[in-house]
Amino acid sequence: IEIVDLPGIYSLSPYTLEEVVSADFILKEKPDVVIDIVDATNIERNLYLTTQLIETGVPVVIALNMTDLLHKNGISINNKKLSEILGCPVVDTSALRGTGLKELIQTARDTAKKAARGDRQAVYDKQIFSEDTEKLISGIRAELPAGIPEEEKRWYSVKLLEQDGRVLK
């Protein structure tokens, strides 16, 4: 197993050097799996990156970190439902307590093996935006060059809709 620790980012938009480095690595190197460390105490901010990662077509496993702090305050997140909505596994972790790491590693290995066998749900086509936005994404997707891999077309379509300068080039 080779682990690459990418810079901590909140999106794959090329506004900072860290975002450029991470986006380039994920899109060009096509890792077997990406472990997306999501701060459970600030989940809304972190899930923006998660949706972008999923749209790249690279298999994703979410490490839902700091869940111990949520539980301490009587809050819980339904991992099964979150996994169903996003189409990728979600594993509770706590870096502070060192919990969930073995399950996370095993889930990442299993996810990478499933993807290598072609046994993977096509989550990169999951519709998460309004109906009007999804129509725009579909229209852009239809115009993309045939050379773009099918699993990356949604990501490129969303980035073009956002008028992402790097993708426009």
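## Some details on the packing of aromatic side chains
How two aromatic rings sit relative to each other is set out by the distance from centre to centre and by the angle between their planes.
Argument step 1. Under the criterion given, the structure shown has 1 aromatic pair.
Argument step 2. One residue, Arg-45, lies across the ring of Tyr-10, its end atom 3.6 Å from the ring centre.

## Looking at the nonpolar core
Nonpolar side chains tend to gather and get buried jointly when the protein is soluble and globular.
Argument step 1. If you look at the biggest cluster of nonpolar residues, it comprises 22 residues, and the most contacted ones within it are Leu-12, Ile-26, Leu-53, Val-60, Ile-62, Leu-86 and Cys-88.
Argument step 2. Those elements that provide at least two residues to this core are helix 1 (17–29), strand 1 (34–39), helix 2 (43–55), strand 2 (60–65) and helix 4 (79–86).
Argument step 3. Each residue touching Leu-53, except ones within four places of it in the same chain, is listed here: Leu-12, Ile-26, Val-34, Asp-36, Val-58 and Val-60.

## Observations concerning helix 5 (residues 101–116)
Argument step 1. For helix 5, with 16 residues, the first-to-last C-alpha span of 22 Å sits near the 22 Å given by 1.5 Å per residue.
Argument step 2. For helix 5, every residue scored as buried is listed here: Leu-104, Thr-107, Ala-108, Thr-111 and Ala-112. Taken around the axis of helix 5, the buried residues stretch over an arc of 130°, which confines them to a single face. Among the exposed residues of helix 5, those oriented more than 90 degrees off its buried face are Lys-102 and Ala-116.
Argument step 3. Where helix 5 is buried, its residues meet strand 1, strand 2 and strand 3 (90–93).
Argument step 4. In the segment just after helix 5, Gly-118 is the residue with positive phi, at about 80°.

## Considerations on the pattern of salt bridges
Where side chains of opposite charge bring their charged atoms close, a pairing between them can arise.
Argument step 1. Inspection of the entire model under this criterion finds 9 salt bridges.
Argument step 2. Put simply, Arg-154 and Glu-55 hold a salt bridge, and the shortest N to O gap is 3.4 Å. Remark: Glu-55 occurs in helix 2 and Arg-154 occurs in helix 7 (residues 150–161); sequence separation between them is 99 residues. An identical accessibility class is assigned to Arg-154 and Glu-55; each is buried.
Argument step 3. When the shortest N-O distance is used, the salt bridge between Arg-97 and Asp-68 registers 3.3 Å. Linking Arg-97 in the loop between strand 3 and helix 5 with Asp-68 in helix 3 (residues 67–72), this pair joins segments that are 29 residues apart in sequence.
Argument step 4. Each of Glu-55, Glu-134 and Arg-154 takes part in one network of salt bridges that share partners.

Rules behind the numbers
- Residues numbered from 1 in each chain as written.
- Predicted model: local features only at pLDDT ≥ 70, side-chain atom pairs only at ≥ 80, totals over all residues.
- Heavy atoms only, no water.
- Phe/Tyr/Trp six-rings, centres within 6.5 Å; stacked < 30°, edge-to-face > 60°.
- Lys NZ or Arg CZ within 6 Å of the ring centre and 35° of its normal.
- Core = buried A, V, L, I, M, F, W, Y, C linked by side-chain atoms within 4.5 Å.
- Buried < 20%, exposed > 50% of the residue type's maximum accessible area, 1.4 Å probe, protein only.
- Helix = DSSP H or I, 4+ residues; strand = E, 2+ residues; numbered from the N terminus.
- Contact = heavy atoms within 4.5 Å.
- Expected span 1.5 Å × (residues − 1).
- Arc of directions from axis to C-beta.
- Salt bridge = Lys/Arg side-chain N within 4 Å of Asp/Glu carboxyl O.

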